[in-house]
Each structure stands twice: as C-alpha cells, then as structure tokens.
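Listed here are the chains, written in short residue letters.
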Amino acid sequence: MTTLPSVLITGASSGIGAVYAKRFASRGHDLVLVARDQARLQTLATALARTHQVAVDVLPADLTIHQELATVEDRLRSDRRIGILVNNAGLPQAGGFLQQDTAGIDRLIGLNITALTRLSAAIAPRLAEAGTGAIINIGSVVGLAPEFGMTLYGATKAYVLLLSQGLQQELGPKGIQIQAVLPAATRTAIWDKAGIDIDTVTDIMEVDELVDAALVGFDRHEPVTIPPLQDAAHWNALDTARLALLGDLDQSHAAQRYRSAS
Ligand SMILES: NC(=O)C1=CN([C@@H]2O[C@H](COP(=O)(O)OP(=O)(O)OC[C@H]3O[C@@H](n4cnc5c(N)ncnc54)[C@H](OP(=O)(O)O)[C@@H]3O)[C@@H](O)[C@H]2O)C=CC1
Ligand SMILES: N[C@@H](C=O)C(=O)O
C-alpha cells in the first residue's frame, strides 16, 4: 500500500501524457488515466500495473464535452488519494487563424483552456485544505512566440503559462506545487493532427527526453520548466524585464509619449 499520492494525467493515451504515466508509475504512484481512447488507456494501464505493481484506473472522457469533463472534476474532488494533477491533454492548431472555424475554435479553447482550468479548480480546494499536492500544466514555447504563426494555439498556451504563474502566487503559499512545462517541438502524434509532416520538423526532441527533463524541473520545484531552453538566463532576463515593466507603471497618468503636445 503506497503512501505516495495518486496522479491523474489527462491526455494519457499517447505522447507526452503516456510517458508521464510511465514515469510516475515507475516512481510508485497509483494513476488515474484520462483520455478519449479507452482501449489505448486500458492497454497502457494493464502494462503499467503489471510492470510497476501500482493501481492504474482508466477514466475515459472527452474533456471538450462538459458532462464528461464533469466526471473527471468529480473524481478530482472526491478521490482524496489523488494529490497530483497533470493537465496535459491538448489540441494543436491546423492551418492559419483565417482557416479556423467556430467548432474548431471551441474545441481548441475547450480543451487547452477550459478543461485545464476547470480541472485545476476542481482539485485545488482539496489540496489547499491538505496543505500539499501539485498541479503540472503543459504549456508550450509557442505561448511565448507569436512568430510561430500558431496564433490561436499559442494564445491558449500563453494562457496556460499565466494561469500557472498566478496559481503559483495564490496556491504556492498553501503548500501546492504548481509547475508550467513549456516544451518545444517534441516527437508525438500532435504534429499529424496539426497537419504537419513530422519529418519536416527539424530539431525535434524525443518525448522521453522531454518528460524526463520536465520531471527534473518538477523535483527541483521549478515554477516554469522549459526543457529546450539551453540557457536559463534568457528566461530569468525575460521575467526580470517583466517585473521591471510592472514597476514602471504609473496608473494615475498616461505616459508623456501619449500626451498631446502641450
Ligand atoms: N508535441 C509537441 O511538439 C508539443 C506538445 N505540447 C503540448 O503537450 C501536450 C500533449 O501533447 P502531445 O503528447 O504532443 O500530443 P498527442 O496528440 O500525442 O496527445 C494528446 C493527448 O490528448 C488527448 N486528447 C485529445 N483530445 C482530447 C479530448 N477532447 N479529451 C480528452 N483527451 C484528449 C489524446 O488522447 P485521445 O485522442 O485518446 O483523447 C492524447 O492522449 C499538449 O497540451 C500539447 O499542446 C507542447 C509543446 C510541444
Ligand atoms: N504542439 C506543438 C505545435 O503544434 C508545439 O506546441 O510546439
């Protein structure tokens, strides 16, 4: 009987989420695996339970369907064994902004923003009451870079970063560890879903390497982990500049450059 917290992982049927499942199982954590593909989840669950002697529950759900999202929220609220939430499930953007239709916009925002937020909100009160636990949110470097041309997707990932930083401010003092993980191009099926031939993506990271690096950051209690960023000084400089900008805000008067010549 483990004393480790159970880990609920969304998007666990493939890619980054499946490797998170393998890694947390190898650490001895019981798991709850969430995705739409029940067969793939069950295959993974059976293998991990056998290999690591941990309990692995499968909770199939389409997180863009609110009734199904609600079943996962209910599990996070009620299952006191779950102490770590990995918000990993995400959709890419296929085509440019002008090619997005309303259904696609709703699905992308529904999964990348709404589901991640609601699942965080479902578990956070119970973790705060316990004074311990963790929420890992999978963002993307695309959230830092409109230059990538994945405008809608990148905006959802910018949301994930800021939400995570805000949760760190609010929930960190209550004992909850919040980590935003920002991968760059990583070898998973997401590229096919984005309509991009993965063989045309240069300098792509293997998914095991990505997750192992992200877990090093998690173990170090890094609030923002960017495995592909070779020099952490660049992130530190960006955050320092952000704080300097905040320090220069005078909310009482518009800046001289915006005042009519007087
Ligand atoms: N790979 C990359 O280059 C990068 C990925 N990321 C992020 O990493 C995360 C994981 O992506 P990755 O592993 O690459 O992609 P994959 O497409 O391999 O995995 C996505 C996972 O999300 C699940 N999923 C998709 N739609 C839904 C849904 N409606 N409801 C529930 N689960 C769903 C899929 O399972 P199923 O189909 O069974 O539902 C699958 O398990 C995403 O948030 C992505 O934005 C960030 C930066 C780079
Ligand atoms: N998921 C990738 C793009 O679709 C990324 O975030 O780089």
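Residues numbered from 1 in each chain as written. Chains lettered and ligands numbered in written order. Predicted model: local features only at pLDDT ≥ 70, side-chain atom pairs only at ≥ 80, totals over all residues. Heavy atoms only, no water.

> Help me out: how do you make sense of the environment of Leu98 in this one?
With respect to the helices and strands, Leu98 occurs in the loop between β4 (82-87) and α4 (102-130). For Leu98, a relative accessible area of 79% corresponds to the exposed category. Separated by 93 residues in sequence, Leu98 and Trp191 place their C-alpha atoms 19 Å apart. (Helix = DSSP H or I, 4+ residues; strand = E, 2+ residues; numbered from the N terminus. Buried < 20%, exposed > 50% of the residue type's maximum accessible area, 1.4 Å probe, protein only.)

> Sorry if this is basic, but what is going on with a nonpolar patch on the surface here?
A surface patch of nonpolar side chains, about 400 Å² in accessible area, is lined by Leu243, Leu245, Leu246 and Leu249. The exposure class assigned to Leu243 is partly exposed, which follows from its relative accessible area of 49%. (Patch = residues over 30% accessible without salt bridge, like charges linked within 9 Å, V, L, I, M, F, W, Y side chains within 5 Å. Areas by Shrake-Rupley, 256 points an atom, 1.4 Å probe, with all protein chains shown as cover. Salt bridge = Lys/Arg side-chain N within 4 Å of Asp/Glu carboxyl O.)

> So what exactly am I meant to see when it comes to the side chain of His29 here?
Within the secondary structure, His29 sits in the loop between α1 (15-26) and β2 (31-35). Its relative accessible area of 8% is what places His29 among the buried residues. Among the polar contacts listed, one links the side chain of His29 to the backbone oxygen of Pro5, at a separation of 2.7 Å. Those residues within four positions of His29 in sequence are excluded, and the remaining contacts are Leu4, Pro5, Val7, Phe24, Val54 and Ile84. (Polar contact = N/O pair within 3.5 Å; in protein donor to acceptor, adjacent residues only side chain to side chain. Contact = heavy atoms within 4.5 Å.)

> Which parts of the structure should I look at to understand the site of ligand 2?
Around ligand 2, the neighbouring residues are Pro92, Ser140, Val142, Met150, Tyr153, Ile190 and Trp191. Between ligand 2 and the protein, one listed contact pairs an oxygen atom with a side-chain N or O atom of Ser140 at 2.7 Å. Separating an oxygen atom of ligand 2 from a side-chain N or O atom of Tyr153 is a distance of 2.6 Å. (Near = heavy atom within 4 Å.)

> Help me understand the nonpolar core, please; the structure alone is not making it clear to me.
Soluble globular proteins tend to bury their nonpolar side chains together. Ranked by size, the top nonpolar core spans 32 residues in total, and within it Ile9, Tyr20, Phe24, Leu31, Leu33 and Ile136 carry the most contacts. Looking at this core, the elements with two or more residues in it are β1 (6-10), α1, β2, α2 (38-52), β4, β5 (134-138) and α7 (207-219). The greatest single-element share of this core, amounting to seven residues, is contributed by α1. (Core = buried A, V, L, I, M, F, W, Y, C linked by side-chain atoms within 4.5 Å.)

> Is there a simple way to think about the site of ligand 1 in this case?
Taken together, the neighbourhood of ligand 1 is formed by 31 residues, with Arg36, Asn88, Tyr153, Thr188 and Lys193 sitting nearest. Between ligand 1 and Ser14 there is a distance of 3.0 Å, counted from an oxygen atom to a side-chain nitrogen or oxygen. Within the backbone of Asn88, one N or O atom sits 2.8 Å away from an oxygen atom of ligand 1. Bound to the protein, ligand 1 loses 96% of the 880 Å² it would expose on its own. When residues of the shell around ligand 1 are traced back to their parent elements, those giving at least two are α1, α5 (151-171) and α6 (190-193). Among the elements that make up the shell around ligand 1, the one with the highest residue count is α6 (three residues). Residue composition of the shell around ligand 1, by class: 15 nonpolar, eleven polar and five charged. (Nonpolar A, V, L, I, M, F, W, Y, C, P; charged D, E, K, R; others polar.)

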